[in-house]
Amino acid sequence: MKTITVHASQTYDIFIENGLLDACGTILKQTTKAQKAAIITDDTVEALYGARVRASLEKEGFEVIQFVFPHGELSKCSATLNQIYDFLCENSMTRTDCLVALGGGVVGDITGFAAATFLRGMDFVQIPTTLLAQVDSSVGGKTAIDLPGGKNLVGAFKQPVCVICDPRTLDTLPPEIFSDGMGEVIKYGMIRDAALFDLVAAHTQESISAVLEEVIAACIAIKRDVVEADEFDTGERMILNYGHTLGHAIESYYHYETYSHGSAVAAGMCMMAAKTCDPEVTERLKKCVKAYNLPTEVPADIRALVPLCGKDKKRAASQLRFIVCRVIGRAEIHTMPFDSFSLWMEA
Ligand code: NAD
Ligand code: MG
């Protein structure tokens with residue numbers, strides 16, 4: 001088993017091993033004093049993994065309750081959150097009990113936010129079951145729900161008591177959701193780890209399964225390092241946004257329907273590389289992106305995308321900060337007045 005320790009405002013371990021799902025009860029027994037564990041999950045994940053997680057928790061003597069909501073981003077909202085609060089009240093959950101987030105980033109984000117706020121804060125554990133959740137959303141303590149006015153607008157920083165990561169759960173992911181997570185994996189290689197990039201580039205979507213434990217651990221270690229240096233996202237954590245300035249613009253231009261987040265980030269990285277890297281670096285990136293069935297560009301005109309860059313409700317900005325990787329494995333934070341960015345991108 002690989003263990004990665006995160007030293008943030010709360011110190012906790014991330015455990016990574018094929019088949020670890022069946023040991024979640026044992027791990028939780030060692031990490032919390034909870035008597036009761038409330039599994040929060042979506043309908044798809046509950047059907048696939050709910051019984052195994054319940055059995056493992058019950059075997060260790062936990063009283064287990066479960067709240068299931070419909071899968072999908074639309075559930076990451078205040079209505080679902082209120083249902084979770086009501087469920088926790090009805091079942092007399094106390095501050096020493098524990099929430100178990102079993103699922104992808106949607107489950108992790110809303111469960112983490114419930115754990116941050118219910119009774120002014122209680123323990124929660126992350127059991128991520130998508131590639132994106134394993135390498136990204138379950139690590140770092142950002143939790144949130146969406147509002148009609150935008151994504152992730154209400155949230156809190158709340159670290160889990162531990163993360164239990166079982167790469168075998170990814171075997172049941174639809175290929176396009178697996179690819180989506182690969183967008184972020186490739187990003188980690190680009191910003192921090194040329195060896196990780198080489199490993200990922202040496203495989204394809206069909207063959208990567210053999211080295212997935214190693215790949216996931218490398219990504220988590222990078223996110224851990226970045227989060228430890230900047231837990232509350234005031235500086236260096238920004239480098240995780242490589243490909244995201246254009247990526248967010250692409251998602252928004254297509255009304256969040258045509259391109260998944262990872263696809264938009266992949267295209268965003270390739271478009272930024274084309275502006276800033278030697279052709280040889282750009283070609284390596286594009287080849288890798290294609291090997292995971294992700295796009296290297298989008299049909300939309302760059303002049304239509306640029307105005308959407310930096311339209312971030314969470315930051316006021318006349319200056320745009322964005323990430324450039326001129327060589328594989330090293331990220332630089334660049335700042336430009338918005339107007340200069342537009343001219344430069346459109347040139
Ligand atoms: P998701 O949770 O909606 O999962 C995608 C789909 O996969 C869902 O339909 C789900 O039911 C299904 N699924 C999950 N695990 C499965 C499995 N093992 N087998 C088969 N199907 C499975 O989405 P996601 O892509 O995991 O996460 C996206 C969310 O994460 C967004 O809301 C985003 O804002 C958030 N996010 C948060 C952070 C953070 O730091 N907190 C970082 C990145 C993204
Ligand atoms: Mg992202």
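Residues numbered from 1 in each chain as written. Chains lettered and ligands numbered in written order. Predicted model: local features only at pLDDT ≥ 70, side-chain atom pairs only at ≥ 80, totals over all residues. Heavy atoms only, no water.

K.L.:
Just give me the short version of the nonpolar core, but keep the residues and values in it.
P.N.:
Of all hydrophobic cores here, the largest spans 73 residues; its most connected members are Ile186, Tyr242 and Leu285. Among the elements that take part in this core, helix α10 (residues 261-276) stands out by supplying 9 residues, more than any other. Both domain 1 (2-172) and domain 2 (175-346) contribute no fewer than three residues apiece to this core. The contacts of isoleucine 186, once residues within four sequence positions are left out, are Phe197, Val200, Met269, Leu285, Cys288, Val289, Tyr292 and Leu294. (Core = buried A, V, L, I, M, F, W, Y, C linked by side-chain atoms within 4.5 Å. Buried < 20%, exposed > 50% of the residue type's maximum accessible area, 1.4 Å probe, protein only. Helix = DSSP H or I, 4+ residues; strand = E, 2+ residues; numbered from the N terminus. Domains from an automatic or database assignment. Contact = heavy atoms within 4.5 Å.)

K.L.:
Could you give an account of the site of ligand 1, naming the residues involved and the relevant values?
P.N.:
Close to ligand 1 lie 25 residues; Asp42, Glu73, Thr129, Thr130 and Thr172 are nearest. The separation between an oxygen atom of ligand 1 and a polar side-chain atom of aspartate 42 is 2.7 Å. The backbone of valine 106 places a nitrogen or oxygen atom 3.0 Å from an oxygen atom of ligand 1. Calculation on ligand 1 without its partners gives an accessible area of 860 Å², and the protein chains cover 87% of this total. Those elements giving two or more residues to the shell around ligand 1 turn out to be α2 (43-59), α4 (105-117), α5 (131-137) and β8 (150-157). Here the shell around ligand 1 gets 4 residues from one element, more than from any other, and that element is α2. (Near = heavy atom within 4 Å. Polar contact = N/O pair within 3.5 Å; in protein donor to acceptor, adjacent residues only side chain to side chain. Areas by Shrake-Rupley, 256 points an atom, 1.4 Å probe, with all protein chains shown as cover.)

K.L.:
Tell me what's going on with the domain arrangement of the chain, and back it up with residues and numbers.
P.N.:
Domain boundaries assigned for the chain yield domain 1 (2-172) and domain 2 (175-346). Averaged C-alpha coordinates put domain 1 and domain 2 at centres separated by 26 Å. The interface of domain 1 with domain 2 comprises 31 residues on the first partner and 29 residues on the second. Together domain 1 and domain 2 conceal approximately 2,500 Å² of surface at their shared face, both sides included; 65% is due to carbon and sulfur atoms. For the domain 1 face of the interface with domain 2, the top three residues by lost area are Leu131, Val135 and Phe157, together amounting to 23%. Between lysine 142 and aspartate 233 there is a salt bridge whose closest N-O contact spans 2.8 Å. There are 11 residue pairs in polar contact (both at pLDDT 80 or more) connecting domain 1 and domain 2. Of all elements in the fold, only β1 (2-7), β2 (11-16), α5 and β8 reach the threshold of two or more residues within the side of domain 1 that touches domain 2. (Buried area = accessible area lost by both parts, 1.4 Å probe. Salt bridge = Lys/Arg side-chain N within 4 Å of Asp/Glu carboxyl O.)

K.L.:
Describe the layout of surface pockets, with residues and values.
P.N.:
Here the second largest pocket defines a volume of roughly 170 Å³. In terms of lining residues, the second largest pocket is bounded by Arg168, Leu170, Asp171, Leu173, Pro175, Phe178, Gln205, Ile208, Ser209 and Leu212. Considered class by class, the residues forming the lining of the second largest pocket number 6 nonpolar, 2 polar and 2 charged. Split by domain, the residues of the lining of the second largest pocket number at least three in each of domain 1 (2-172) and domain 2 (175-346). (1 Å grid on protein atoms, 1.4 Å probe; cavity = no way out; pocket = protein on both sides within 12 Å on 5 of 7 lines; lining within 4 Å. Points joined across faces, edges and corners; volume = space filled by probe spheres on them. Nonpolar A, V, L, I, M, F, W, Y, C, P; charged D, E, K, R; others polar.)

K.L.:
Report on empty space enclosed by the protein, specifying residues and quantitative values.
P.N.:
Under the counting rule described, the total for this entry stands at 2 cavities of 30 Å³ or more. Of the voids in this model, the largest cavity is the one considered here, and its volume is about 40 Å³. Residue lining of the largest cavity: Tyr242, Gly243, His244, Thr245, Leu246, Gly268, Met272, Phe322 and Ile323, and that is the complete set. Counting residues per element, the ones that place at least two in the lining of the largest cavity are α9 (244-253), α10 and β10 (319-327). Per-element tally for the lining of the largest cavity: the top contributor is α9, with 3 residues. Space inside the second largest cavity adds up to approximately 30 Å³. What lines the second largest cavity is Phe124, Gln126, Ser137, Ser138, Gly141, Lys142, Thr143, Lys158 and Pro160. Counting only elements with at least two residues in the lining of the second largest cavity, the list comes to β6 (123-128) and β7 (142-147).

K.L.:
Requested: an account of the coordination of the magnesium ion (ligand 2), with residues and values cited.
P.N.:
Ideal geometry at a metal centre: 109.5 degrees between donors when four sit tetrahedrally, and 90 or 180 degrees when six sit octahedrally. Looking at the magnesium ion (ligand 2), the protein donor atoms are Glu184 (OE), His244 (NE2) and His261 (NE2), and they sit 2.0 to 2.2 Å from it. Here the donor residues of the magnesium ion (ligand 2) share one chain and are spaced in sequence as E-x59-H-x16-H. Placement of the pair is glutamate 184 in helix α6 (residues 175-192) and histidine 244 in helix α9, with a sequence separation of 60 residues. Neither glutamate 184 nor histidine 244 differs from the other in exposure class; each is buried. (Donors = N, O, S within 2.8 Å, 3.2 Å for Na, K, Ca; no water.)

K.L.:
Quick rundown of the packing of aromatic side chains? Include the residues and the values.
P.N.:
Under the definition given, this model contains 8 aromatic pairs. Geometrically, the ring pair formed by tyrosine 254 and tyrosine 259 is edge-to-face, given 5.0 Å between the ring centres and 65 degrees between the ring planes. Note on tyrosine 259: relative accessible area 15%, which makes it buried. Feature note: the residues Tyr253, Tyr254 and Tyr259 constitute an aromatic cluster, connected by ring pairs. (Phe/Tyr/Trp six-rings, centres within 6.5 Å; stacked < 30°, edge-to-face > 60°.)

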